[in-house]
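One letter stands for each residue in the lines below.
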Amino acid sequence: MITTATTIQPPSGAMTGYKKNKILIVSYPKQGHINPSLRFANRLLDLGVHVTFSTSFSVIRRFDIDTTRNGLTFAPFSDGHDDGQQPTTTLQQFISDFGTNGVPAVAEIITAAATAGKPFDHLVYTTASPWAAKVADAHGLESTLLWCQPAIVLGVYYYYFNGYEDLISCNNDNSTFPINLPGLPSLTIADLPSFLLSSRPTELDFVIQIMKDHIDALKIAPRVLVNTFDELEIESVRAVENLVMLPVGPLIPSECLNGRGQSLVCDLFEKPEDDYMKWLNTKPKSSVVYVSFGSLSTLSVDEAEEMASGLLESGRPFLWVMRDGVKLKNIEALKKQGMIVSWCSQVEVLNHQAVGCFLTHCGWNSTTEALAAGVPTVAFAQWTDQTTIAKMIEDVWKTGVKVKKREGDGIVEGNEIKRCVEMVMEDAEMRRNAKKWRELARQALDNGGSSTINIQAFLDGG
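Residues numbered from 1 in each chain as written. Predicted model: local features only at pLDDT ≥ 70, side-chain atom pairs only at ≥ 80, totals over all residues. Heavy atoms only, no water.

Named according to an unreviewed UniProt entry, the protein chain is Glycosyltransferase originating from Deinandra increscens subsp. villosa.

Shown next, in the form of structure tokens:
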């Protein structure tokens with residue numbers, strides 16, 4: 001069943017005349033995909049484009065509909081998991097069901113729009129939904145991938161499936177083996193996305209096929225919208241001759257840049273009434289360590305205890321987002337020194353003057369939000385693209401430092417947390433670099449900026 005809301009007309013005076021005036025966005029129903037695709041929708045709406053946003057019922061029902069933008073339409077569909085992914089459902093089954101149910105649903109959305117005399121001009125689909133490109137092609141509709149990871153990661157996957165699989169596979173057990181891919185920054189085996197490593201859990205083997213499907217889909221539509229900005233990944237966005245990468249990011253809320261604008265808010269977690277902003281207001285400038293591991297990554301009990309030990313040893317105030325309900329031994333001491341919450345508005349926190357360091361899992365959304373806020377980071381990568389992002393943070397953008405894991409069990413010890421926090425909080429060069437990237441990120445989104453020009457080129461058919 002598909003439910004389509006009534007579209008509200010764009011305000012009078014909105015810019016018109018673009019080749020693409022009506023776009024369907026299909027997003028995988030996880031926060032790392034929903035947020036950038038919603039933010040991209042907001043950029044399109046600013047240019048007077050009508051946008052229909054399609055994803056699972058479980059996501060759409062959590063939107064704050066009162067903040068819906070003019071020109072935005074919802075087209076939710078049932079993916080077989082209307083209550084969201086449950087603990088008993090594997091990731092493979094969840095992704096498979098989203099595609100199985102999404103194919104006929106998206107086909108019906110496209111057909112219904114054409115039948116009503118209001119056909120879509122284009123379809124944009126996010127990472128983990130390569131089937132959407134085939135649906136669009138079957139209906140004579142052009143499509144474009146909105147890549148929700150950095151350009152370098154797309155480049156790595158492209159080369160892996162185009163001539164470099166044997167090189168990577170044969171040296172998988174040598175973490176320091178250099179991997180030099182054409183046009184990309186130098187990497188080692190340890191810096192590659194975790195799905196390409198033999199150490200990945202066998203239950204995640206299916207992801208390799210999804211990534212191959214993505215690369216194959218790019219043969220249909222080789223142009224890619226990337227949530228990055230030209231200045232940040234100037235090598236990577238030009239590295240693959242057979243792809244045209246258009247950086248359109250960083251996809252962050254527009255009000256974080258200039259205090260104006262209106263964004264549709266979606267958070268897939270409940271929002272408790274914590275007074276974390278009032279608490280931040282009591283702290284000196286650049287004094288607080290902000291700790292968050294995103295919507296999917298979680299720490300084991302041992303890892304959380306080491307984290308707690310390191311934060312306490314640092315002696316610095318901290319704001320720690322902890323969703324998994326881990327019971328910590330030193331909870332009272334932690335509450336005296338810092339604040340533990342189950343949710344916070346990350347963009348709001350990162351842009352608060354009291355925050356001086358972000359201890360992060362290196363998810364791409366979190367990383368771009370930190371870069372745009374000018375906050376240096378402690379990179380605590382977990383899986384997927386995060387190891388590659390951590391490499392870029394430390395060695396290319398130079399806005400932070402990677403934690404070192406203990407030999408054997410891979411635990412990050414408390415004294416290592418303390419070391420990294422102190423290094424980032426006290427390193428003047430990292431702060432200067434963070435400020436530099438903040439200014440470049442904002443310039444990219446200004447009128448005449450590189451990302452703004454790329455969005456315009458996309459709409460004009462370039």
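1. Side note on the overall build of the protein chain
When its secondary structure is counted, the protein chain shows 16 helices and 15 strands. Taking as baseline every contact in the protein chain between residues at least 6 positions apart, the subset at least 24 positions apart corresponds to 66%. Carbon and sulfur atoms provide 49% of the accessible area of the protein chain, an area that totals close to 19400 Å². (Helix = DSSP H or I, 4+ residues; strand = E, 2+ residues; numbered from the N terminus. Contact = heavy atoms within 4.5 Å. Areas by Shrake-Rupley, 256 points an atom, 1.4 Å probe, with all protein chains shown as cover.)

2. Quick word on the sheet that holds strand S2 (residues 50-54)
The strand order S3-S2-S1-S4-S5-S8-S9 describes an open sheet built from seven strands, whose pairing is parallel. The sheet terminates laterally at strand S3 (72-74) and strand S9 (244-247), the two strands that pair on one side only. Going across the sheet, the axis of each strand differs from the next one's by a mean of 25°, ignoring polarity. As defined by bridge partners, strand S1 (residues 22-26) adjoins strand S4 (residues 122-126) across four bridges and the pair is classed as parallel. (Pairing = 2+ DSSP bridges. Axes fitted to C-alpha atoms, helices over the stretch in contact; angles between N-to-C directions.)

3. A few points about the pattern of salt bridges
Side chains bearing opposite charge may pair, as long as their charged atoms lie close to each other. Applying the stated criterion across every chain yields a total of 13 salt bridges. Where aspartate 230 meets arginine 238, a salt bridge forms, and the shortest distance between an N and an O atom there is 2.9 Å. Between glutamate 416 and arginine 419 there is a salt bridge, with its nearest N and O atoms 2.8 Å apart. Taken together, the residues glutamate 416 and arginine 419, both in helix H14 (residues 414-426) and three residues apart, mark about one turn of the helix. Assessed through its relative accessible area of 30%, arginine 419 is described here as partly exposed. When salt bridges that share partners are traced, they join Lys212, Asp216 and Lys219 into one network. (Salt bridge = Lys/Arg side-chain N within 4 Å of Asp/Glu carboxyl O. Buried < 20%, exposed > 50% of the residue type's maximum accessible area, 1.4 Å probe, protein only.)

4. Quick look at the nonpolar core
Formed by 79 residues in total, the largest nonpolar core has its most connected members in Val106, Leu123, Tyr125 and Trp147. Among the elements that make up this core, the one with the highest residue count is helix H5 (residues 151-170) (ten residues). Discounting chain neighbours no more than four positions away, the residues touching leucine 123 are Leu24, Val26, Val106, Ile110, Ala132, Ala136, Leu141, Glu142, Ser143 and Thr144. In this structure, Phe318, Leu359, Val401 and Val421 belong to the second largest nonpolar core, which totals 27 residues. (Core = buried A, V, L, I, M, F, W, Y, C linked by side-chain atoms within 4.5 Å.)

5. Notes on the packing of aromatic side chains
The way to describe two aromatic rings as a pair is by their centre distance and the angle between their planes. With the rule as written, the count across this model stands at 17 aromatic pairs. Ring centres 6.3 Å apart and planes at 80° place the aromatic pair tryptophan 147 and tyrosine 157 in the edge-to-face group. Of this pair, tryptophan 147 sits in strand S5 (residues 143-147) while tyrosine 157 sits in helix H5, and the two are ten residues apart along the sequence. For the pair tryptophan 147 and tyrosine 157, one class covers both residues: buried. Relative to phenylalanine 358, the ring of tyrosine 290 lies with its centre 4.9 Å away and its plane at 25°, an arrangement referred to as stacked. Highlighted residues: tyrosine 290 in strand S10 (residues 288-292) and phenylalanine 358 in strand S13 (residues 355-360), separated in sequence by 68 residues. A relative accessible area of 0% means that phenylalanine 358 is categorised as buried. One aromatic cluster is present, built from ring pairs that chain together Tyr28, Phe77, Phe94, Phe98 and Trp131. Above the face of the phenylalanine 94 ring, lysine 30 is positioned so that its terminal group lies 4.8 Å from the ring centre. (Phe/Tyr/Trp six-rings, centres within 6.5 Å; stacked < 30°, edge-to-face > 60°. Lys NZ or Arg CZ within 6 Å of the ring centre and 35° of its normal.)

6. Focus: the side chain of aspartate 191
You can see aspartate 191 is positioned in the loop between strand S7 (187-188) and helix H6 (206-217). Residues contacting aspartate 191, with those up to four places away along its chain left out, are Thr387, Thr388, Lys391 and Lys402.

7. Points about the sheet that holds strand S11 (residues 318-321)
Taken in spatial order, the six strands of this open sheet run S12-S11-S10-S13-S14-S15, and their pairing is parallel. Both edges of this open sheet fall to strand S12 (339-341) and strand S15 (400-402), since each of them pairs with a single strand only. Ignoring strand direction, the axes of neighbouring strands in this sheet form an average angle of 15°. Across three bridges, the pairing between S10 and S11 is parallel. When the sheet's bridge partners are listed, valine 291 is paired in S11 with tryptophan 320.

8. Overview of helix H15 (residues 428-445)
A rise of 1.5 Å per residue sets the reference length of H15, with its 18 residues, at 26 Å; its end C-alpha atoms lie 26 Å apart and thus fit the reference within 8%. Of the positions making up H15, those classed as buried are Met430, Asn433, Ala434, Trp437, Ala441, Ala444 and Leu445. Take H15 and look down its axis: the buried residues cluster within an arc of 105°, on one side only. Two or three places before glutamate 429, at the opening of H15, aspartate 427 has a side-chain oxygen 2.9 Å from that residue's backbone nitrogen. (Expected span 1.5 Å × (residues − 1). Arc of directions from axis to C-beta. Polar contact = N/O pair within 3.5 Å; in protein donor to acceptor, adjacent residues only side chain to side chain.)

9. Let's talk about unusual backbone geometry
In this chain, glycine 249 is followed by proline 250 through a cis amide linkage whose omega measures 5°. Assignment of secondary structure puts proline 250 in the loop between S9 and helix H7 (255-258). Here threonine 384, not a glycine, exhibits a phi torsion of approximately 45°, which is positive. By the element assignment, threonine 384 lies in the loop between strand S14 (377-379) and helix H13 (386-396).

10. Notes on the pairing of S2
Of all five residues making up S2, four are buried, and the element is well covered by its neighbours. Relative to S2, S1 runs parallel, the two sharing five bridges. From the neighbouring strand, lysine 22 faces S2, where its bridge partner is histidine 50. Crossover S1 to S2 through helix H1 (residues 31-46) is right-handed. (Right-handed = clockwise from strand over helix to strand, strands pointing away.)

11. Things to note about the environment of glutamine 456
Among the secondary structure elements, glutamine 456 is positioned in helix H16 (residues 450-459). Along the backbone, glutamine 456 and leucine 47 are 409 residues apart, and their C-alpha atoms lie at a distance of 8.8 Å.

12. Thoughts on the side chain of threonine 144
Structurally, the position occupied by threonine 144 is in strand S5. Here histidine 122 takes part through its side chain, which lies 2.6 Å from a polar atom of the side chain of threonine 144.

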